Amino acid sequence: MMRLLWMPGTTATVACAALEETGAPYELVEVERHDRADPPELRAVDPHGLVPALLDGDLRLHEPAAIILHLGDRFPESPLAPPVGTPRRAEYYRWLAYLANTLHTAFTRWHAPRHLGDDGELGRALRAAGERDLHTCFDHVDAQLAGRDTLVPGGFTGADLLLHMLASPNWTLDLQPAVFSRRQVAALHAAVDARPAVQRMKAIHGPDRGSAGA
Amino acid sequence: MITLFGIPGAASLAPRICLEEAGADYVFVEPDRTPGHAGPPEFVAASPLLQVPGYVDRDVRLSEAAAIVMHIADRFPDSGLAPPVGSDERGDWYRWLVYLTTTPMPVLYQWLYPERFTTGPGTEERVRAYAVSRLDRMFDWIDGELSDRDHLVGGRFTAADAFLWMLCRWTRNMPRPAFSRPNLERFWVQGRARPSIAAVIVKERLG
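Chemist: Got a minute to help me understand the packing of aromatic side chains in this structure?
Modeler: Describing an aromatic ring pair means giving the distance of the ring centres and the angle of the ring planes. Under the counting rule described, the total for this entry stands at 14 aromatic pairs over all chains. Ring geometry for B:Trp165 against B:Trp188: centres 4.4 Å apart, planes inclined by 15°, an arrangement best described as stacked. You can see B:Trp165 sitting in helix α7 (residues 159–170) and its partner B:Trp188 sitting in helix α8 (residues 182–193), a full 23 residues away along the chain. Take B:Trp188: its relative accessible area is 10%, and that puts it in the buried class. Members of the aromatic cluster, joined through ring pairs, are A:Phe107, A:Trp110, A:Phe138 and A:Trp171. The ring centre of B:Phe28 lies 4.0 Å from the NZ or CZ of B:Arg16, which sits over that ring.

The structure is reproduced here in structure tokens:
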């Protein structure tokens, strides 16, 4: 059986939601929050030991986008991934890559100086640039969603789960009203939030607590 | 016909290596990115943020280097650029591509373009120094991962190797280039000798 190493309120939420979408049995293993003290550069270097970790046989996956991609292939009957070789599949890759390497990393830069304990000039400058880039990203996503209900046209995919997490109050903190002022983003967040699999995930992790981070 | 919009040596490098590896019929187009010029409509459609690479193939329009190499691997299933869908190796391949595009790649941009990542005048050199320290640790870790093999996944050259080779090239002016480490040096030299990479080096005059 697959196992998910998790802590409430972290990127484990999207891994958990993706598992719930597959309907496959899995075991949740809660991990202590000890790694919060690790410097982010150390955690970025060696992804092992990070939460979440999806253990599936000999595979050990950490990054939310990789977990979604893998589960979509393992469970092709789930709604996570469009069929291989279709234009929708290509679009699904594009959104997962963009959300993971641009929106997610803008959050990391906005949050990271706190983890570093850098309240000085550099920390403020990095945070400000990260916040500026978050607004740019959400504007882009909002514009791309014009005239459609999901990131990949034609229906829900695992990419919508990743955007749902990154637009949630756990991530956006005091930027939440600004993020939800993008109406397409807010509508997609609400639609994904209502999915039974996401409701089951939220029952496991508890309510948004506005305390997550990178 | 496939069109790859790119700039020599930029993030279009990994997709181009994959197209060469697949023996694809494609054209490489450098979009006009000077301010005030939106560039060819096909490029704008593929990459609304006007970032290279952009990729157009009939009804597929794509941006994001990692997404494009995954798509090329699916488009040319006989290329061996990806392990079979549903296999453990495929999961491992996703792990590597996602790691490379989310972790070293954005930090390489901080090293190359520090002014984009800070609002504080005069802090650029500190941004670069912080990026270098993080990249050194990432490439140390990758070097260790390659200690017992020549390729990242599945015992053969895949799109993940093309991506790593591209990132290694971007480190060539760093104090400690990625390929100054023993296993990455082997990976770098073997990569240069591959016909696909050798062809792109010539076509893009990468020296």
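Chemist: Sorry if this is basic, but what is going on with the sheet that holds strand β4 (residues 59–61) of chain A here?
Modeler: Consider a sheet: its strands pair through backbone hydrogen bonds, and that pairing is either parallel or antiparallel. Residues and elements named next belong to chain A. Strand order in the open sheet formed by four strands is β2-β1-β3-β4, and the pairing between neighbours is mixed. Two strands lie at the open edges of the sheet, namely β2 (26–30) and β4, each paired on one side alone. Each strand of the sheet is rotated relative to its neighbour by a mean of 20°, with strand direction disregarded. The sheet contact formed by strand β1 (residues 2–6) and strand β3 (residues 53–56) spans three bridges and is antiparallel.

Chemist: What's the story with empty space enclosed by the protein in this structure? I'm lost.
Modeler: Over the atoms rolls a probe the size of a water molecule, and its path tells where empty space is left. Applying the stated rule across the entire model yields three cavities of 30 Å³ or more. Split by residue class, the lining of the second largest cavity holds three nonpolar, four polar and two charged.

Chemist: Would you explain the pairing of β3(A) in this entry?
Modeler: Residue and element names in this part refer to chain A. Burial along β3 is two-sided: the residues Ala53 and Leu55 and Leu54 and Asp56 are all buried. Sheet topology places β3 next to β4; three bridges connect them, and they run antiparallel. Paired with Asp56 across the two strands is Leu59, which belongs to β4. Following β3, the chain reverses through two residues before pairing antiparallel with β4; Gly57 in that reversal takes a positive phi of roughly 60°.

Thresholds applied
Residues numbered from 1 in each chain as written. Chains lettered and ligands numbered in written order. Predicted model: local features only at pLDDT ≥ 70, side-chain atom pairs only at ≥ 80, totals over all residues. Heavy atoms only, no water. Phe/Tyr/Trp six-rings, centres within 6.5 Å; stacked < 30°, edge-to-face > 60°. Helix = DSSP H or I, 4+ residues; strand = E, 2+ residues; numbered from the N terminus. Buried < 20%, exposed > 50% of the residue type's maximum accessible area, 1.4 Å probe, protein only. Lys NZ or Arg CZ within 6 Å of the ring centre and 35° of its normal. Pairing = 2+ DSSP bridges. Axes fitted to C-alpha atoms, helices over the stretch in contact; angles between N-to-C directions. 1 Å grid on protein atoms, 1.4 Å probe; cavity = no way out; pocket = protein on both sides within 12 Å on 5 of 7 lines; lining within 4 Å. Points joined across faces, edges and corners; volume = space filled by probe spheres on them. Nonpolar A, V, L, I, M, F, W, Y, C, P; charged D, E, K, R; others polar.

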